[in-house]
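Commentary on secondary and tertiary structure
Chain by chain, the residues:
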Amino acid sequence: MAVEHPVTAPAGDQTRIHNIGYRAYDGPRLGRSYATRSLYSQSLRGSYGLGRSVKSKVLPMLLFVVMCVPAAIMVAVAVATKANDLPVDYTRYAIVMQAVISLYIASQAPQSVSRDLRFKTVPLYFSRPIETADYVRAKYAALASAMFILTAAPLLVLYVGALLAKLDFADQTKGFAQGLVSVALLSLLFAGIGLVIASVTPRRGFGIAAVIAVMTISYGAVSTLQAIADAQGSTDAVPWIGLFSPVTLIDGLQTAFLGASSAFPGAAGPSNGEGAVYVLAVLGLIAACYGLLLRRYRKVGL
């Protein structure tokens, strides 16, 4: 009967060190500011589907075209008829197109932040040189910039068309500047509200539905209450009711200080004193949205 003998390890150290080609990074360390700018640029590009699939480009690009086409038609009519003024004031255009703007913010705010929450990539961002405030600033600035591009582009079309129609240069330039101020405030306000709502849920579908609900329900409820107050003769209450919807907030602010015509029932726009309350409300909401986002991402990044 054969006897098995245990195999003994050969004498000597069998350790081997293999060079598989890894080496330390010896390039420049670009730091927080570069990382924040990169996050901003990537988020801005993503708001229009750039650098993503074709499917991701369809909706934002379609909404951009929908925003600009009516402006181009107005310009064509003004040039053809040799009109003395544009059919819609610069400050009114975004209010008229507020449904398209709300749909854009509802679709792109969750795209900006909900995916990071769903796939738990936020802690990975904070493992790099950027901090919570850098992430929030980059995302907020990117979506606000995307909103400004969406709302300012048709104003530029109107302005160029007005100059081609040989309308008064000074009046058109003043109106264009007022319109840019209006849409800049609108972009900051809408972006903040959209990001706060979207940051609550990692589900993009839930975020889209929530943003649409907040924007449309608040505007519908405020408009209805304003109409009821005007019908009952309580015109003094109309401007105060307008404080409770993002769209009417911008409408009231630009009516008080940017020379816009009011869309409130009975044209009961806010006075200068009431307009100051609108300014404080808009700025307060923007600051509150930024603060809520900071608080939210301090918890998420843990």
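Details of the structure are given in the entry above.
Nothing here was measured: the structure is a model prediction, and the numbers come from that model. (Residues numbered from 1 in each chain as written. Predicted model: local features only at pLDDT ≥ 70, side-chain atom pairs only at ≥ 80, totals over all residues. Heavy atoms only, no water.)

Regarding unusual backbone geometry
- Even without being a glycine, lysine 82 presents a positive backbone phi close to 55°.
- As for its position among the elements, lysine 82 is in the loop between helix H2 (54-81) and helix H3 (90-96).
- Here lysine 82 falls in the exposed class, since its relative accessible area comes to 72%.
- With a phi close to 65°, lysine 166 is a non-glycine residue in the positive phi region.
- Looking at the element boundaries, lysine 166 is found in the loop between helix H6 (132-164) and helix H7 (169-198). (Helix = DSSP H or I, 4+ residues; strand = E, 2+ residues; numbered from the N terminus. Buried < 20%, exposed > 50% of the residue type's maximum accessible area, 1.4 Å probe, protein only.)

What to know about the pattern of salt bridges
- The tally for this structure, following the rule as stated, stands at five salt bridges.
- Among the salt bridges present, the one from arginine 32 reaches aspartate 134, with a minimum N-O distance of 2.8 Å. With a gap of 102 residues between them, arginine 32 in helix H1 (residues 31-46) and aspartate 134 in helix H6 connect regions that are remote in the sequence.
- For arginine 32, a relative accessible area of 37% translates into the label partly exposed.
- Residue aspartate 134 is classed as buried on the basis of its relative accessible area, which comes to 4%.
- A salt bridge links aspartate 251 to arginine 92; its shortest N-O distance comes to 3.1 Å. Pair noted here: aspartate 251 is in helix H10 (residues 246-257) and arginine 92 is in helix H3, with a separation of 159 residues, a long-range link. There is no split in this pair, since aspartate 251 and arginine 92 are both buried. (Salt bridge = Lys/Arg side-chain N within 4 Å of Asp/Glu carboxyl O.)

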